[in-house]
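What the coordinates show
Next come the chains, spelled out residue by residue.
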Amino acid sequence: MSTNFGKGCHLHLIDGSAFIFRAFHALPPLTRKSDGLPIGAVSGFCNMLQRYIDGNTGPDAPTHVAVIFDKGSHTFRNDLYDQYKANRDAMPEDMRPQIPLTREATVAFNIACKEQEGFEADDIMATLAHQARDAGGRVTILSSDKDLMQLVGDGVEMLDPMKNKLIDRDGVFEKFGVGPERVVDVQALAGDSVDNVPGAPGIGIKTAALLINEYGSLEELLDRAEEIKQPKRRQTLIEKREQIELSKKLVQLDCDMELDFTLDDLEVREPDPDTLMEFLTRMEFRTLTKRLADKLNVEAPAIPDTTPEGANPPADAPEWPAIDPEKYEHVSDLAALEAWVARARETGWVAVDTETTGVNDMTCDLVGISLSVQPGEACYIPLAHKANAGDDLFADNSLAPGQMPMSEALDTLRPLLEDPAVLKIGQNMKFDAKVFARYGVDVAPIDDTMLMSYAMNAGLHGHGMDALSERYLSHTPIPIKDLLGTGKKQITFDLVPIEDAVKYAAEDADITLRLWMTFKPQLHRTQVTRVYETLERPLVPVLAQMERHGIKVDRQTLSRMSGAFAQKMAQLEEEIHELAGESFNVGSPKQLGEILFDKMGLEGGKKGKTGAYATGADILEDLATEHDLPARVLDWRQLSKLKSTYTDALQEHINADTGRVHTSYLQSGANTGRLASADPNLQNIPVRSEEGRRIREAFVAEEGKVLVSLDYSQIELRILAHMAGIDALKQAFRDGQDIHAMTASEMFNVPMEEMTSDIRRQAKAINFGVIYGISGFGLARNLRIPRAEAQGFIDRYFERFPGIKQYMDDTKAFAKEHKRVETLFGRLIHTPEIAAKGPRAGFAQRAAINAPIQGTAADIIRRAMVQMPNAIADLPAKMLLQVHDELIFEVQEDAADDLIAVAKEVMEGAALPVVQLDVPLVVDAGKGANWAEAH
DNA sequence: AAATTCACG
DNA sequence: GACGTACGTGAATTTC
């Protein structure tokens, strides 16, 4: 066989994506026995490759062969037209992890496997087909994709591997009504709904072929469009000329790509038995392993029947080198950095970590970046470490030596960090992504080890890196305190000596990569891939955007309120001291308790281990009926709270650069799937009291804009009605009834017309109690009624709605059996305490009852948030805040109603299509110049 | 650092 | 029969 491709050579090009899709859909959802990894498509793919090899042995056998894959999702066609392939359904979750494995399979069979960034597989095939034809060889494309038919002719033909049908010039003519050279013209006119190529509206393949045959070419047709007799057709071709020409560019394959390999690299090779056997046994394909072992005359390796849970590391995880901070690389010049970028591109992923001067990602400065592409191999790129560290007396602002310019480093890293084909792995990646965004780098796509841990292990343990490293890698990372110190002498990271920083920072990247390699295969095993992929991973950029937008807060309003509160507090304090007969710290529960119970001798007892009197609001409220002092203290406390936590503290959080307040959402903060908000917490801005609600007046829209608030009405009760299957409640929600009044009517046999607000209030408390895992004691305390009476309410409630009791018992039983509960969307919430004895068991049971309800509501609003940026992309609106069942937007005033319509639709339909609730979700909306008006 | 209190859903 | 209890959060303050 000649070593140079030429006459007599026969090239086979296999459309890899088509093979994978066919394999995926043709086979039942097989999973790998040892760990549940979905493997059906890989299995089908291997069988197809094997059948292909077996069927190509005769005199017409190919001399060269390659399987061509797509790489990344962004190609030059997306630059031409951003809607290209935009209507494609997302890839099925079970399929995604199998894609890289099919590439591995191709390599294992020793068949050339090619892909190229920015191009579709079709372009590579087009280029190779042209090269091969020009060299005098023959080409067979194994695909039935009509987009490839433009390549047919002059020794290039297609073979539909499904029907085993040859597609030559006649075949193309049959399909398109024109020869291969005019296929793109027809496609440009007819468009393609699958790839979202617009084409000419109203013109299909038939008409297109007719026109092209009449005028000879698309260009001729467009130039002479005036001559067309049919008025509608003529008008379309004239008006949509640009769209048609764009469509042609989209369907035209690039036959002239620069490839980093030659045809000679595609020569047919025999598979290496060891490599192939290793792959097949790792996939645990028993039949195929045996069949190929026989064929290759080797011993079939044994495949263990099952792997004991957690006993062995996965077969594909080689022994990792120990974590050794001495071995990490200090990158200080462009060449070294470029080498790391190249390595990351080669692997297709890279763990990234940033070091900064602080923990606030909106205000800190970037100090350095660490990368890791393989366990044990990591580097740190210091960028802004100061010279003279530790000698603050003479410290100046000059940079320490051994650092490349930050702009050069960022310019070098940007293409990598923004490359859709390279996965960036981080621990709490939202932080790093926000820092990078402030330096003009949009990191994507990302994976986050913190969120992987959260998806798998919520409720079992925390998800910080130190905890994860201890637990899953048995390694204690270098404590940050060792570098920064603590307390008053604490320094910032830019003052850490670079040699110390290298060890610490690179170790973080190394650990993150190892955690990712540990967690990635476990996502499938624990059945949370969908949760991670739909509720966690895509939320990261959404939250990052919201946080970066922030909300405008008016300092003057807050400042004025602070002054008023201070005055009122001073007045109350004076009165309290007078009533007490002595001066004391009103803010001290200990001193207050002594005044109330020792000095004044009021009823009330000691509490807890500390022996201090309890002086909570509920106790003071009871005392307030008899005495003025506790009443005044209650007033004082309310003002104190509002002043210190809100009107004062919020001002501190107004960002100097943006003039806005930027909260930080904790995505893995709450075990149920809820978000938490911190620094500052914007999820607990007062609303229940009139005085408190006025603080919301300080949250304002920019000039010409308004704030819009949309909130789910009774979402948790609706979810309960669905999950517990309570027909009466479901019907009431469908009818849009007042659910608390309806509950009251059912329970107390009061007709709706005779409902009183007091009865309704009691029913409302019961409804909420149910969601929290009701107890007689708790309800009694909430309603301030005798415990026996509260228990009577609950008994009657369960009698009337036996399904609720059933749901609670079922949920408790499920939690006991599995040590966890689940939301409707498959989120896991672990409840290890459920097995505890004593009072803790009660806690755990109530938490287990509440978690699926609260968690499902959290899942639904997360789904809405993930969809929202796309849905409102065309509106002058930004999503700013989430408060558990409420989303707050800032929008150009004249577009507020459009936004409300769009956002409402997204929110009300957010459970679909995964979950079809038996009750409607209803969203209420409001708008105004500030949050108080919008709510 | 823990305990207490209180703001929200 | 007695435990002690509404579910989920974050922040400010006092106390140890």
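It should be emphasised that the depicted structure is a prediction, and the values quoted were computed from it without experimental measurement.

On to the packing of aromatic side chains. Applying the stated criterion across every chain, the model contains 12 aromatic pairs. Measuring from centroid to centroid gives 5.3 Å for F699 and W931, while their planes differ by 75 degrees, and the two rings are edge-to-face. Taken together, the residues F699 in strand β17 (residues 699–700) and W931 in helix α37 (residues 931–934) connect sequence positions 232 residues apart. Residue classification places F699 among the buried residues on the basis of a relative accessible area of 0%. In textbook terms, an aromatic cluster arises when at least three aromatic residues are bridged by ring pairs, as seen for F19, F45 and F69. Positioned above the aromatic ring of F69, the side-chain terminus of R103 is 5.0 Å from the ring centre. It is R800 that lies over the ring of F801; its NZ or CZ is 5.5 Å from the centre.

Next up on the list: the protein's contact with DNA strand C. The environment of DNA strand C is made up of 34 residues, and the closest members are S588, D679, N681, R781 and R846. By atom count, sugar and phosphate contribute 65% of the portion of DNA strand C lying within 4 Å of the protein. The contact in question runs from a phosphate oxygen of DNA strand C to an N or O atom on the side chain of N585, over 3.5 Å. For DNA strand C, a base oxygen lies 3.3 Å from a polar atom in the side chain of S775. Ranked by residue count, the leading element in the surface near DNA strand C is helix α35 (residues 839–871), at 5 residues.

To continue, consider the pairing of strand β4 (residues 138–142). Across the 5 residues that make up β4, a large majority, 4, are buried. Pairing geometry for strand β1 (residues 10–15) and β4, over 5 bridges, is parallel. Residue pairing across strands places L13 opposite I141, the latter belonging to β4. Direction of pairing for β4 relative to strand β5 (residues 156–160): parallel, over a ladder of 4 bridges. What sits directly across from L142, in β5, is L159.

Take the UniProt feature "domain: DNA-directed DNA polymerase family A palm" (unreviewed entry) in chain A next. As annotated in UniProt, the feature "domain: DNA-directed DNA polymerase family A palm" (unreviewed entry) corresponds to residues 692–895 in the numbering used here. For residues 692–895, the end-to-end C-alpha separation is 30 Å, with 57% helix and 14% strand making up the annotated structure.

Moving on, we get to the packing of helix α31 (residues 757–771) against helix α32 (residues 776–783). Packing of α31 against α32 leaves a shortest axis separation of 10 Å and a crossing angle of 140 degrees. Crossing handedness for the pair α31 and α32: right-handed. Contact with α31, carried on its side by R761, Q762, A765 and I766, involves L779, N782 and L783 of α32 and no other residues of that element. Its residues assigned to classes, the contact of α31 with α32 shows 4 nonpolar, 2 polar and 1 charged.

Moving on, we get to the pattern of salt bridges. Any two side chains of opposite charge can pair, on the condition that their charged atoms come close. Overall, the coordinates contain 56 salt bridges when judged by the stated rule. Ionic pairing is found between E702 and K552, a salt bridge with its closest N-O pair at 3.8 Å. One end of the pair, E702, is in the loop between β17 and β18 (705–712); the other, K552, is in strand β13 (residues 551–553), with 150 residues separating them in the sequence. On the basis of relative accessibility, which here comes to 29%, the residue E702 falls in the partly exposed class. You can call K552 partly exposed: its relative accessible area is 27%. Across the salt bridge formed by E697 and R694, the nearest N and O atoms sit 3.3 Å from each other. The exposure class assigned to E697 is partly exposed, which follows from its relative accessible area of 29%. Residue class for R694 comes out partly exposed when judged on its relative accessible area of 43%. When salt bridges that share partners are traced, they join R77, K85, E120 and D123 into one network.

Before going further, it helps to spend a moment on the protein's contact with DNA strand B. Around DNA strand B, a shell composed of 22 residues is seen, among which A617, K641, V687, R688 and D885 lie nearest. Of all atoms in DNA strand B that approach within 4 Å of the protein, 76% are sugar or phosphate atoms. With respect to DNA strand B, the side chain of K641 contributes an N or O atom lying 2.7 Å from a base oxygen. Interatomic distance of 2.8 Å between a side-chain N/O atom of D885 and a sugar or linking oxygen of DNA strand B.

A separate point is the sheet that holds β1. Judged by pairing direction, the sheet is mixed, and its 6 strands sit side by side in the order β3-β2-β1-β4-β5-β6 without closing on themselves. Both outer strands of the open sheet, β3 (112–114) and β6 (165–167), are each paired with one neighbouring strand and no more. The mean angle between the axes of side-by-side strands here comes to 25 degrees, regardless of whether they run parallel or antiparallel. The pairing of β5 with β6 spans 3 bridges and is classified as antiparallel. Within the sheet, the bridge partner assigned to L159 lies in β6 and is L166.

Calculation notes
- Residues numbered from 1 in each chain as written.
- Chains lettered and ligands numbered in written order.
- Predicted model: local features only at pLDDT ≥ 70, side-chain atom pairs only at ≥ 80, totals over all residues.
- Heavy atoms only, no water.
- Phe/Tyr/Trp six-rings, centres within 6.5 Å; stacked < 30°, edge-to-face > 60°.
- Helix = DSSP H or I, 4+ residues; strand = E, 2+ residues; numbered from the N terminus.
- Buried < 20%, exposed > 50% of the residue type's maximum accessible area, 1.4 Å probe, protein only.
- Lys NZ or Arg CZ within 6 Å of the ring centre and 35° of its normal.
- Near = heavy atom within 4 Å.
- Polar contact = N/O pair within 3.5 Å; in protein donor to acceptor, adjacent residues only side chain to side chain.
- Pairing = 2+ DSSP bridges.
- UniProt positions renumbered as here; feature names shortened; annotations may be inferred.
- Axes fitted to C-alpha atoms, helices over the stretch in contact; angles between N-to-C directions.
- Left-handed = near helix turned anticlockwise from the far one by under 90°.
- Contact = heavy atoms within 4.5 Å.
- Nonpolar A, V, L, I, M, F, W, Y, C, P; charged D, E, K, R; others polar.
- Salt bridge = Lys/Arg side-chain N within 4 Å of Asp/Glu carboxyl O.

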